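Residue strings, one per chain:
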Amino acid sequence: MKWTRRHVLDTYDWSRDEIETVLDQTRAMVEILGRPIKRAPPLRGRTVILFFAEASTRTRVSFELAAKALSADVTNITASGSSVEKGESLYDTVRTLQALGGDVVVMRHASSGAPYFVAERTDAAVINAGDGWHAHPTQGLLDAYTLRDALGDLESKRVVIVGDVLHSRVARSDINTLIPLGARVTLSGPPTLIPIAWRCGVLPPGVTYESDLDRALDGADAVIALRLQRERQESGLLPSLREYSRVWGLTADRVARMRSGAPVMHPGPMNEGVEIDAAVAHGASSLIEKQVTNGVAVRMALLYLLAATAPLEERA
Amino acid sequence: MSADRRALEAKGYLVVPGFIDLHAHLREPGFEDSETIASGAKAALRGGFTTVCAMPNTEPAIDSPGLVAELLARGRSAGGARVLPIAAITRGRKGRELADLVELAAAGAVAFSDDGSPVEDARLFRSALEYARVTGLPVMEHPQDLALSAKGVMHEGAVSARLGLPGMPAAAEETAVARDITLAKMTGARLHLTHLSTARSIELVRRAKADGAPITCDVTPHHLAMTDDWVAGSRAFAWEVPDEALQGVPYDSSTKVNPPLRSYADVRALWVGLEDGTVDAIATDHAPHASVKKDVEFDQAAFGISGLETALALVLGGVRVRWAPLGAVIDALTVGPARVLGIELREDEWIAIDRDAEWLVTAAELVSKGKNTPVLGRTVMGRVVHVSVAGETKLGGKREGNAEAVARR
């Protein structure tokens, strides 16, 4: 299909075709990354600005590698997290971004929706690299890619997402990407960390909630554990990390309830011993390192679709 | 009846008493970059309000007789709608000790409110209700349990779940309404609950009224017209079928308001309350903000919608689809609020409405300094074409096609 989107802000309204276009493109990028010289020319002459207003090493580095592998010029701007705490407002930053004249802005921000604010006010294509609790589209896409690589067609495969769904942009983007590909999602975790509108009302189509993790995992095809922030305990949403780990931590016993060989994923960084046992994180079924590698390829695919000036296969 | 008035009626305009707004933020003193008494009073006239009550959450807060007198004087010289000051319930609106309520009433305050915040301390609120009885004035409470609403920035529901924004549950309002009603019943004091936004709040007031409690309440035009889908970018009024053409950008901070835009079921319940008399008044909660407060991340933006000039058009939309009869809506803008304040409607204050006038809401079109309304860019229907106060034409008149120029005079 022909790619028509100018920005990647949220995959909520993406069609299956669009998602598959990205995943197919990702496959080509994986191939490039397997070459001795991991570089192709299609973004030559393009500038990618990495604007990370919230701490992140792995996602920023992943985008940087992706942009460089496609021969883009890459610039980092570090900016204050919130307009209120520090002096510089997002509005000021947007004007700077506009003046710098980048072709693509990759941004991470603590406020849900901040990428829309930027996309409205600049000429650049904006890729959301994570905004608040809202979305992390490249994580959703790389998780879908990784799962499809491991399981084949995702049609009626059941993926468990366990943990702090309420505050998780990863969970939202995973749902938005996996459901159109035919998968079903079972959410698990403490009721205080699941949006009440989903728990007591209507869940998104294809999604169910099962507070009992053992039951959620029975016969499942894959599991994604979410990172648990310590402040959830402090804000009264959890009694203790110890209890969390006992009730919702991924252990080898629990993983064994899934179909044999079912993969385990985590968006990182992990709290080993809290949401996931070290033995599981580094075990044979873990795709966690694969996720990191695939992340670069997915980001290359999106940069290519949004900003390519030349075809992929012309030799550098 | 004047010749003017008959002529306007003959043209098919609806001639009704001047509207009374129980709840507006005119921002002066302290926040004159957002609004002034003069700009707010003129915006009120354009919306058909000949009387507007100014909330005391200014800087300084209106908590002393001198400030009340000053506000009245500035209102008189503003040349717009009549400005009636509401005084703070507690000194500095800090919720710790009562302001001098009797002296404030003597200076000309028409009600008491710490609006923007509830009086959190239930014991102090009980005292306020009991003590205010001496003045005969209503206590206007902003019902909100601050612990429950916590860091919420929109209604907690399916839309907040999808957008990943911290939610303010309906229960944060409803538990406060329940507390306030309980205390009003206990003290027998006049309590007015402002900007109610949920179905259960309306039901609680309905039952309290049935029990004979001396309680009144208002709802806002934006809560009558918009749902929380507006935060996700919808620009379809609650009675319209959402479609692509009415889809804007999500996370627009002009949709951020407290109490937040609620669910469709809540909106419908407000209209039912309007029709059956549970809701006494429509009040704008006009909350203008300078663009610096709004042109920021959604979660950092100030709460509030600029509402004086679009109020009529919004509520007429619901009348057009028969969610409530025209009479109920006009009453809620006139006799209803007059009853809450204990004042009489004046024969010589009237307005003429062109119900079929379509107009595009733009920043330039609004005389309020606050351009923060999510209706910007939408065409709405219904406009005030004439305002007459004590025989003087304040808006419209012979050159009614040029109402704007007259209002800006």
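Residues numbered from 1 in each chain as written. Chains lettered and ligands numbered in written order. Predicted model: local features only at pLDDT ≥ 70, side-chain atom pairs only at ≥ 80, totals over all residues.

J.: Could you clarify how one ought to interpret the overall build of chain B in this entry?
T.: A count of helices and strands for chain B gives 16 helices and 14 strands. The C-alpha atoms of chain B give a radius of gyration of 20 Å, which matches the 22 Å a tight globule of 409 residues would have. In chain B, the share of contacts with a sequence separation of at least 24, taken over all contacts with a separation of at least 6, comes to 75%. (Helix = DSSP H or I, 4+ residues; strand = E, 2+ residues; numbered from the N terminus. Rg over C-alpha atoms; globule rule 2.2 N^0.38 Å. Contact = placed C-beta atoms within 7 Å.)

J.: What should I look at first to understand the overall build of chain A in this one?
T.: Counting secondary structure elements, chain A contains 13 helices and nine strands. Looking at the 316 residues of chain A, the share that counts as buried comes to 49%. Residue pairs in contact within chain A that sit at least 24 positions apart in sequence constitute 76% of those at least 6 positions apart. (Buried ≥ 20, exposed ≤ 12 C-beta atoms within 10 Å, placed from the backbone.)

J.: Explanation requested: unusual backbone geometry in the structure shown.
T.: In most cases, non-glycine residues show a negative phi, while peptide bonds are predominantly trans. A cis geometry characterises the amide bond from A:Gly268 onward to A:Pro269, with omega recorded as -10°. Across the junction of B:Glu59 and B:Pro60, the peptide omega takes the value 0°, indicating a cis bond. Assignment of secondary structure puts B:Pro60 in the loop between strand E3 (49-54) and helix H3 (65-78). Look at B:His195: it is not a glycine, yet its phi comes out positive at around 40°. For B:His195, the location among the structural elements is in the loop between strand E9 (191-193) and helix H9 (199-210). On the neighbour-count criterion, B:His195 (25 C-beta atoms within 10 Å) is buried. Even without being a glycine, B:Arg322 presents a positive backbone phi close to 65°. Following the sequence through the fold, B:Arg322 ends up in the loop between helix H13 (311-320) and helix H14 (326-333).

J.: Just to check I follow, could you spell out the pairing of E3(B) for this structure?
T.: Along any regular strand the residues' side chains alternate between the sheet's two faces. Residues and elements named next belong to chain B. Counting buried residues in E3 gives six out of six residues, a clear majority hidden from the surface. One ladder, built from four bridges, connects strand E2 (residues 19-24) with E3; its direction is parallel. Paired with Phe19 across the bridge in E3 is Phe49. For the handedness criterion, the β-α-β arrangement of E2, helix H2 (residues 37-46) and E3 is classed as right-handed. When E3 meets strand E4 (residues 82-87), the two strands line up parallel, connected through four bridges. (Pairing = 2+ DSSP bridges. Right-handed = clockwise from strand over helix to strand, strands pointing away.)

J.: Hey, could you run me through the nonpolar core in this one?
T.: One broad trend across soluble globular proteins is that nonpolar side chains are buried collectively. A:Leu303, B:Ala109 and B:Phe112 are the most contacted members of the largest nonpolar core, which has 219 residues in total. Counting residues per element, this core draws most heavily on helix H13 (residues 288-307) of chain A, which supplies eleven residues. Among all residues touching B:Ala109, those that are not within four sequence positions of it are B:Val68, B:Pro85, B:Ile86, B:Ala87, B:Leu104 and B:Leu137. (Core = buried A, V, L, I, M, F, W, Y, C linked by C-beta atoms within 7 Å.)

J.: Honestly, the packing of helix H5 (residues 137-151) of chain A against H13(A) in this entry has me stumped. Any pointers?
T.: Think of two packed helices as two axes; the pair is described by the angle between the axes and how far apart they sit. Residues and elements named next belong to chain A. Between H5 and H13, whose axes approach to 9 Å, the crossing angle comes to 115°. Pair H5 / H13 crosses with right-handed handedness. Contact with H5, carried on its side by Thr138, Leu141, Leu142, Asp143, Tyr145 and Thr146, involves Lys290, Gln291, Asn294, Gly295, Val298, Arg299 and Leu302 of H13 and no other residues of that element. (Axes fitted to C-alpha atoms, helices over the stretch in contact; angles between N-to-C directions. Left-handed = near helix turned anticlockwise from the far one by under 90°.)

J.: Just to check I follow, could you spell out the interface of chain A and chain B for this structure?
T.: How big an interface is tends to be stated in terms of the accessible area lost upon association of its parts. Chain A puts 26 residues into the contact, and the matching count from chain B is 17 residues. If you list the elements that add at least two residues to the side of chain A that touches chain B, you get helix H3 (90-100), helix H4 (114-121), helix H6 (169-178) and helix H7 (196-201) of chain A. In terms of residue class, the side of chain A that touches chain B is built from 14 nonpolar, nine polar and three charged. (Nonpolar A, V, L, I, M, F, W, Y, C, P; charged D, E, K, R; others polar.)

J.: Could you clarify how one ought to interpret the environment of A:Glu31 in this entry?
T.: Summarising the element assignment, A:Glu31 is placed in helix H1 (residues 16-33). Taking the C-alpha atoms as reference points, A:Glu31 and A:Ala297, separated by 266 residues in sequence, lie 8.9 Å from one another.

J.: Honestly, the pairing of strand E3 (residues 104-109) of chain A in this entry has me stumped. Any pointers?
T.: Residue and element names in this part refer to chain A. Burial of E3 is extensive: six of the six residues sit out of reach of the surface. Neither face of E3 is exposed, since Val104, Val106 and Arg108 on one face and Val105, Met107 and His109 on the opposite face are all buried. Here five bridges tie strand E1 (residues 47-52) to E3, and the two strands are oriented parallel to one another. In the sheet register, Phe51 faces E3, and the bridge partner there is Met107. As defined by bridge partners, E3 adjoins strand E4 (residues 125-131) across five bridges and the pair is classed as parallel. By the bridge assignment, Met107 is partnered in E4 with Asn128. Following the backbone out of E3, through H4 and into the adjacent parallel E4, one traces a crossover that is right-handed.

J.: Is there a simple way to explain the sheet that holds strand E6 (residues 184-188) of chain A in this structure?
T.: Think of a sheet as strands paired side by side through backbone hydrogen bonds, with each pair either parallel or antiparallel. Residues and elements named next belong to chain A. On the basis of which strands lie adjacent, the open sheet formed by five strands has the order E7-E6-E5-E8-E9 and parallel pairing. Strand pairing shows two members of the sheet lacking a second neighbour, strand E7 (207-209) and strand E9 (264-265), which therefore form its edges. Of the strand pairs in this sheet, strand E5 (residues 158-162) and E6 are connected by five bridges, and their pairing is parallel. Looking at the pairing, Val162 lines up with Ser188 of E6.

J.: Honestly, the sheet that holds E4(A) in this entry has me stumped. Any pointers?
T.: Residue and element names in this part refer to chain A. Strand order in this open sheet of four strands is E2-E1-E3-E4, and the pairing throughout is parallel. The sheet terminates laterally at strand E2 (73-78) and E4, the two strands that pair on one side only. Each neighbouring strand pair of the sheet contributes to a mean axis angle of 15°, computed without reference to strand direction.

J.: Is there a simple way to think about the environment of B:Ala363 in this case?
T.: Residue and element names in this part refer to chain B. Along the chain, Ala363 falls in the loop between strand E12 (349-360) and strand E13 (379-389). Here Ala363 falls in the partly exposed class, since 14 other C-beta atoms lie within 10 Å of it. A sequence separation of 13 residues divides Ala363 from Leu376, and the C-alpha atoms of the two residues are 6.9 Å apart. Sequence-distant contacts of Ala363, that is, excluding residues within four places in its chain, are made with Lys371 and Leu376.

J.: Help me understand H1(A) in this model?
T.: Spacing of three or four residues puts side chains on the same side of an α-helix, whose turn is 3.6 residues. Residues and elements named next belong to chain A. Compared with an ideal rise of 1.5 Å per residue, which puts 18 residues at 26 Å, H1 spans 25 Å between its outermost C-alpha atoms and is within 8% of the ideal. Burial in H1 covers these residues: Ile19, Val22, Leu23, Thr26 and Met29. The buried residues of H1 occupy an angular sector of 115° when the element is viewed end-on, so they sit on one face. Turned more than 90 degrees off the buried face of H1, the exposed positions are Asp17, Asp24 and Glu31. (Expected span 1.5 Å × (residues − 1). Arc of directions from axis to C-beta.)

J.: Whenever I open this one, the packing of helix H8 (residues 170-187) of chain B against H9(B) confuses me. Can you help?
T.: Residue and element names in this part refer to chain B. Remark: H8 packs on H9, axes separated minimally by 9 Å, with the N-to-C direction vectors making an angle of 15°. For the element pair H8 / H9, the angle class is roughly parallel. Classified by chirality, the crossing of H9 by H8 is right-handed. Between H8 and H9, the contacting residues are Ala170, Glu173, Glu174, Val177, Ala178, Ile181 and Lys185 on the first element and Arg200, Ser201, Leu204 and Ala208 on the second. (Parallel < 35°, antiparallel > 145°, perpendicular 65-115°, else oblique.)

J.: What is the right way to read the confidence of the model for chain B from this model?
T.: A low pLDDT score tells you not to read the predicted coordinates there in detail. Residues and elements named next belong to chain B. Averaged over all residues, the pLDDT of chain B equals 95, while 97% of them reach at least 70. Between residues 399-409, whose pLDDT stays under 50, and residues either more than four places distant or in other chains, the model counts 15 contacts. We note a pTM of 0.95 for the whole complex and an ipTM of 0.95 for its interfaces. (pLDDT = per-residue confidence, 0-100.)

J.: Is there a simple way to explain the environment of B:Trp239 in this structure?
T.: All names here are of chain B. In this fold, Trp239 is placed in the loop between helix H10 (221-225) and helix H11 (264-276). Remark: the alpha-carbon pair of Trp239 and Asn57, spanning 182 residues in sequence, is separated by 33 Å. Not counting chain neighbours up to four residues away, the residues in contact with Trp239 comprise Gly317, Gly318, Val321 and Trp323.

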